[in-house]
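# Notes for the structure review
Here are the chains, one letter per residue:
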Amino acid sequence: MSKCPLKHLPSTVIKYIRLGLSSQLPRTMRKITVTQLGTKFAEVAKLVEAAIPTPGCGEVLIKNRYVGINASDVNYAAGRYDPSQRPPFDAGFEGLGYVTAVGEKANLKVGQPVVYLSNGAFAEYKTVAAKQVVPLPEVDPRYLPFMLSGLTAAISLDKVGQIRKGDKVLITAAAGGTGQFAVQWCKLTGCEVIGTCSSDDKVKFLKTIGCNRPINYKKENLELVLKAEYPHGVDVVYESIGGAVFETCLNNLAVGGRLIVIGAISGYTTSFTGGFKSSSMLPLKMLQLSASLRGFFLMHYSKDFKEYMMRLISLFKQGKLISSIDMGETTPGGAFVGLERVYDAVEHMYSGQNIGKVIVELPD
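The rules behind these values
Residues numbered from 1 in each chain as written. Predicted model: local features only at pLDDT ≥ 70, side-chain atom pairs only at ≥ 80, totals over all residues. Heavy atoms only, no water. Helix = DSSP H or I, 4+ residues; strand = E, 2+ residues; numbered from the N terminus. Rg over C-alpha atoms; globule rule 2.2 N^0.38 Å. Contact = heavy atoms within 4.5 Å. Areas by Shrake-Rupley, 256 points an atom, 1.4 Å probe, with all protein chains shown as cover. Lys, Arg positive; Asp, Glu negative; His and termini not counted. Charge placed at Lys NZ, Arg CZ, Asp CG, Glu CD. Salt bridge = Lys/Arg side-chain N within 4 Å of Asp/Glu carboxyl O. Buried < 20%, exposed > 50% of the residue type's maximum accessible area, 1.4 Å probe, protein only. Phe/Tyr/Trp six-rings, centres within 6.5 Å; stacked < 30°, edge-to-face > 60°. Lys NZ or Arg CZ within 6 Å of the ring centre and 35° of its normal. Pairing = 2+ DSSP bridges. Axes fitted to C-alpha atoms, helices over the stretch in contact; angles between N-to-C directions. Right-handed = clockwise from strand over helix to strand, strands pointing away. Parallel < 35°, antiparallel > 145°, perpendicular 65-115°, else oblique. Left-handed = near helix turned anticlockwise from the far one by under 90°. Nonpolar A, V, L, I, M, F, W, Y, C, P; charged D, E, K, R; others polar.

## As for the overall build of the protein chain
- Of the regular secondary structure elements, the protein chain holds 11 helices and 16 strands.
- In terms of overall dimensions, the protein chain is globule-like: its C-alpha atoms have a radius of gyration of 21 Å, near the 21 Å expected for 364 residues.
- With the principal axes as the frame, the protein chain shows a C-alpha extent of 70 × 45 × 45 Å.
- Nonlocal contacts in the protein chain, meaning residues at least 24 apart in sequence, comprise 69% of its contacts between residues at least 6 apart.
- Accessible area for the protein chain stands at about 16,600 Å²; split by element, carbon and sulfur atoms hold 53% of it.
- Each charge class in the protein chain was averaged separately, 41 positive and 31 negative side chains, and the resulting centres sit 5 Å apart.

## Here we look at the pattern of salt bridges
- Tallied over the full model, the rule gives 16 salt bridges.
- Ionic pairing is found between Glu 124 and Arg 30, a salt bridge with its closest N-O pair at 3.2 Å. In this pair, Glu 124 is assigned in the loop between strand S6 (113-117) and strand S7 (125-129) and Arg 30 in strand S1 (residues 28-34), connecting sequence segments 94 residues apart.
- When the shortest N-O distance is used, the salt bridge between Asp 200 and Lys 219 registers 2.5 Å. Linking Asp 200 in helix H6 (residues 200-208) with Lys 219 in the loop between strand S11 (213-216) and helix H7 (222-229), this pair joins segments that are 19 residues apart in sequence.
- In this structure Asp 200 comes out as partly exposed when scored by relative accessible area, which is 35%.
- On the basis of relative accessibility, which here comes to 62%, the residue Lys 219 falls in the exposed class.

## Structural notes on the packing of aromatic side chains
- The final tally for this structure, using the stated rule, is 11 aromatic pairs.
- For the ring pair Phe 41 and Tyr 343, a centre distance of 5.8 Å and an interplane angle of 50° mean the geometry is tilted. Placement of the pair is Phe 41 in helix H2 (residues 41-44) and Tyr 343 in helix H11 (residues 342-350), with a sequence separation of 302 residues. You'll find Phe 41 and Tyr 343 in the same group, each marked buried.
- Relative to Phe 89, the ring of Tyr 76 lies with its centre 5.2 Å away and its plane at 65°, an arrangement referred to as edge-to-face. Taken as a pair, Tyr 76 in helix H3 (residues 72-77) and Phe 89 in strand S4 (residues 89-90) lie far apart in primary sequence, 13 residues in all. Just as Tyr 76 is buried, Phe 89 falls in that class too.
- Against the face of Tyr 66 rests Arg 65, its NZ or CZ located 5.4 Å from the ring centre.
- Over the ring of Tyr 308 we find Arg 311, and its NZ or CZ is 4.7 Å from the ring centre.

## Considerations on the sheet that holds strand S2 (residues 45-51)
- Ordered by their spatial adjacency, 3 strands build an open sheet running S2-S1-S4, and the pairing between neighbours is antiparallel. Bordering the open sheet on either side are S2 and S4, each of which pairs with just one other strand.
- Bridge count for S1 against S4 is 2 bridges, and the pairing is antiparallel. Residue Val 34 lies in a different strand from S4, and its bridge partner there is Phe 89.

## So, the sheet that holds strand S10 (residues 192-197)
- Ordered in space as S11-S10-S9-S12-S13-S14, the 6 strands form an open sheet in which the pairing is parallel. Bordering the open sheet on either side are S11 and strand S14 (292-295), each of which pairs with just one other strand. Direction aside, the axes of adjacent strands within the sheet are offset by 15° on average.
- As defined by bridge partners, strand S9 (residues 168-171) adjoins S10 across 4 bridges and the pair is classed as parallel.

## Observations regarding the pairing of S9
- Tracing the backbone out of S9, into helix H5 (residues 179-189) and back to the parallel element S10 gives a crossover that is right-handed.
- In terms of strand pairing, S9 meets strand S12 (residues 234-239) through 3 bridges, oriented parallel. Note that in S12 the partner of Val 169 across the bridge is Val 236.

## With respect to the packing of helix H4 (residues 144-160) against H5
- In the contact formed by H4 and H5, the axes pass within 9 Å of each other and the chain directions differ by 45°. As summarised for this structure, H4 and H5 are arranged oblique, according to the angle between their axes. Here H4 runs over H5; the crossing is right-handed. Within the contact between the two elements, H4 uses Pro 145, Phe 146, Ser 149, Gly 150, Ala 153, Ala 154, Leu 157 and Asp 158 and H5 uses Phe 181, Ala 182, Trp 185 and Cys 186.
- Of the residues belonging to the contact of H4 with H5, the class tally is 9 nonpolar, 2 polar and 1 charged.

Function-wise, these values are silent; they only describe arrangement.
Spelled out as structure tokens, the structure:
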């Protein structure tokens, strides 16, 4: 017998049996679709109108109230994650909202607040497999950063960085969306944390979340600080910048050090010509230090999502973990409200002005 027997009924009948709607949904919605590959997000990703999808077997329809902005939005639009993917395809990775319709075999209720990680999140409504959805106690934007940024920090530091109490850990872009959680996760483990940032306001923020040595690289030379204050090197690096920063981190690893690459934002908006550069001295440097260079891509660790998400939410509810969000209130255009502000939010993040996770609100 089929797990979803309703599929044999006429589609118009299925629609109204499945949907258990609390109110009438509109017929159309807006979403952001990548229409051509490129690194200029505002030029290749277009705001379009589409029919609101009907949840299939095991799916729910979610009304997005908040969507998260990530450096990877540009990489995805440029086709760098999946070279075989061709436009058009939908943009965005993470959303938070509430369930508005439930498909067969989906064990959730209409009105349930949820957060999820799924391609195509830059939309007013999104169908998501119920098993990929994390129920929440309330629709609070501070839960949204845990889904991608929090999981990236916690899982990479534990599983790949193998951090231990007493380790000296260097975190680049420490005041950003993932950096804020990397700092706090290391502190909860008992590590000494060094964090790079680009302003005095970010230095102040990093001190509030326990960073032992914030470094404003616009005022201090990162290489000189590390050589002077950490002459034996750092045990673990959580690196997301790339380029010259990567080289500096590499040059300041301790014996047995682990350098985790979670991104290379300095190269994301460059053209395809030439690709990414690599150090010709990398093999020798790794050998001399018995060190290791380790890449981390979150989706390879999906089996760990539920465990770590529950841990992050529990720590947040206990007041042991801060979730800092930036919704654009201080930008010239004001708060990021509406899908059309996604473009401004992406630019805001790439300008390096944000403290914490950049989030766009979608009106109810």
